[in-house]
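Listed below, chain by chain, are the residues.
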Amino acid sequence: MIEIDFENGTYICPFCGHAQAYCSTHNIVHNGIYAGWVSQAIPGAYQESSFAIYTFKCSNSSCQKISVAAINRTTGKQIDLVPQVTMRHYPEYIPEQIRQDYEEANMILEASPKAAATLLRRCLQGMIHDYWKIHGKNLNAEITALKEKVTPTQWEALDALRKIGNIGAHMEKDVNLIIDIEPNEAKKLLQLIELLFEKWYIARHDEEALLSDIVGIADEKEAARKTV
């Protein structure tokens, strides 16, 4: 969902993640007009609901994309029109295939949580291959090999993601046995993948960048001393 703070006049662009102030006009759209009776003898028209349509243009010069959200003026519920699905966008040092699986899982999470869980299972396997350089005969063997490299609670969550993803990846022996995955459950799996992006890839990248900067500063100071 597009993050909009109407009280403070700010929003986060769903395309680039840029937090910014906004200046937005909006239109009111009435819908659900139906006929009825004011009394037994007097006909009348009734309005079921109306929406305020807000349009935002990103101020980030490298983005400048348009977002559109509708707010139900009766219930206050927000419906995103453009884009209809929002997601975080991760840097290119995370492998493209892993990012694609994550983004596709976002796109179908509400419509097919089971398929989203399967994609997130594949996303996890891709990260184990790329980040940890572990390749086994299957994901179960790979997660087992990972057990001594992560915390016990993290390992249990990774194994749980594998098991839940299996529901979509493999049919039950009894084809009439249907085990569903709810959207809120798939959302938790998505959040786990986002957590792993942060803890594995982004934390490593930021650490390496900081260490490189420190070494660069030391080299510059050393070079300056030699010129004195």
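Quick summary incoming for the structure in this document. What you see is a predicted model, and the numbers here were worked out from it, not measured in a lab. (Residues numbered from 1 in each chain as written. Predicted model: local features only at pLDDT ≥ 70, side-chain atom pairs only at ≥ 80, totals over all residues. Heavy atoms only, no water.)

A few points about the sheet that holds strand S1 (residues 3-5)
Turning to step 1, where the next piece is worked out: Read across the open sheet, the three strands follow the order S1-S2-S3; overall the sheet is antiparallel. Edge strands, defined here as strands with exactly one partner in the open sheet, are S1 and strand S3 (19-21). Within the sheet, the average angular offset between the axes of one strand and its neighbour, ignoring direction, is 15 degrees.
Turning to step 2, where the next piece is worked out: Note that S1 and strand S2 (residues 10-12) share three bridges and pair antiparallel. What sits directly across from Glu 3, in S2, is Ile 12. (Pairing = 2+ DSSP bridges. Helix = DSSP H or I, 4+ residues; strand = E, 2+ residues; numbered from the N terminus. Axes fitted to C-alpha atoms, helices over the stretch in contact; angles between N-to-C directions.)

Quick notes on the pairing of strand S6 (residues 66-72)
One face of the sheet, then the other: side chains in a regular strand alternate in exactly this way.
Turning to step 1, where the next piece is worked out: Burial of S6 is extensive: six of the seven residues sit out of reach of the surface.
Turning to step 2, where the next piece is worked out: Sheet topology places S6 next to strand S7 (residues 78-82); four bridges connect them, and they run antiparallel. Paired with Ala 69 across the bridge in S7 is Asp 80.
Turning to step 3, where the next piece is worked out: Joining the antiparallel neighbours S6 and S7 is a turn of five residues, in which Gly 76 adopts a positive phi near 80 degrees. (Buried < 20%, exposed > 50% of the residue type's maximum accessible area, 1.4 Å probe, protein only.)

What about the packing of helix H1 (residues 96-108) against helix H5 (residues 183-227)?
Turning to step 1, where the next piece is worked out: Running from N to C, H1 and H5 point in directions that differ by 155 degrees, and their axes come no closer than 11 Å. On the basis of their axis angle, the class for H1 and H5 is roughly antiparallel. Crossing geometry of H1 relative to H5 is assigned as left-handed. Of H5, the residues touching H1 (which contributes Ile 98, Tyr 102, Ala 105 and Asn 106) are Leu 190, Ile 193, Glu 194, Phe 197 and Tyr 201.
Turning to step 2, where the next piece is worked out: Each residue belonging to the contact of H1 with H5 can be placed in one class, and the counts come to seven nonpolar, one polar and one charged. (Parallel < 35°, antiparallel > 145°, perpendicular 65-115°, else oblique. Left-handed = near helix turned anticlockwise from the far one by under 90°. Contact = heavy atoms within 4.5 Å. Nonpolar A, V, L, I, M, F, W, Y, C, P; charged D, E, K, R; others polar.)

Topic: a nonpolar patch on the surface
Turning to step 1, where the next piece is worked out: A cluster of nonpolar side chains, contributed by Ile 79, Leu 81 and Val 82, occupies part of the molecular surface with about 210 Å² of accessible area.
Turning to step 2, where the next piece is worked out: Inspection of the secondary structure assignment puts Ile 79 in strand S7. (Patch = residues over 30% accessible without salt bridge, like charges linked within 9 Å, V, L, I, M, F, W, Y side chains within 5 Å. Areas by Shrake-Rupley, 256 points an atom, 1.4 Å probe, with all protein chains shown as cover. Salt bridge = Lys/Arg side-chain N within 4 Å of Asp/Glu carboxyl O.)

Some remarks on unusual backbone geometry
Turning to step 1, where the next piece is worked out: The residue after Val 82, namely Pro 83, is reached through a cis peptide bond having omega -10 degrees.
Turning to step 2, where the next piece is worked out: Within the element layout of this structure, Pro 83 appears in the loop between S7 and H1.
Turning to step 3, where the next piece is worked out: Notably, Gln 64 is not glycine yet its phi reads approximately 60 degrees, a positive angle.
Turning to step 4, where the next piece is worked out: On the secondary structure map, Gln 64 appears in the loop between strand S5 (43-57) and S6.
Turning to step 5, where the next piece is worked out: When its relative accessible area of 42% is taken as the criterion, Gln 64 is described as partly exposed.
Turning to step 6, where the next piece is worked out: A positive phi angle, near 60 degrees, is found at Lys 133, a position not held by glycine.
Turning to step 7, where the next piece is worked out: With respect to the secondary-structure elements, Lys 133 resides in the loop between helix H2 (113-131) and helix H3 (139-145).
Turning to step 8, where the next piece is worked out: What makes Lys 133 exposed here is its relative accessible area of 59%.

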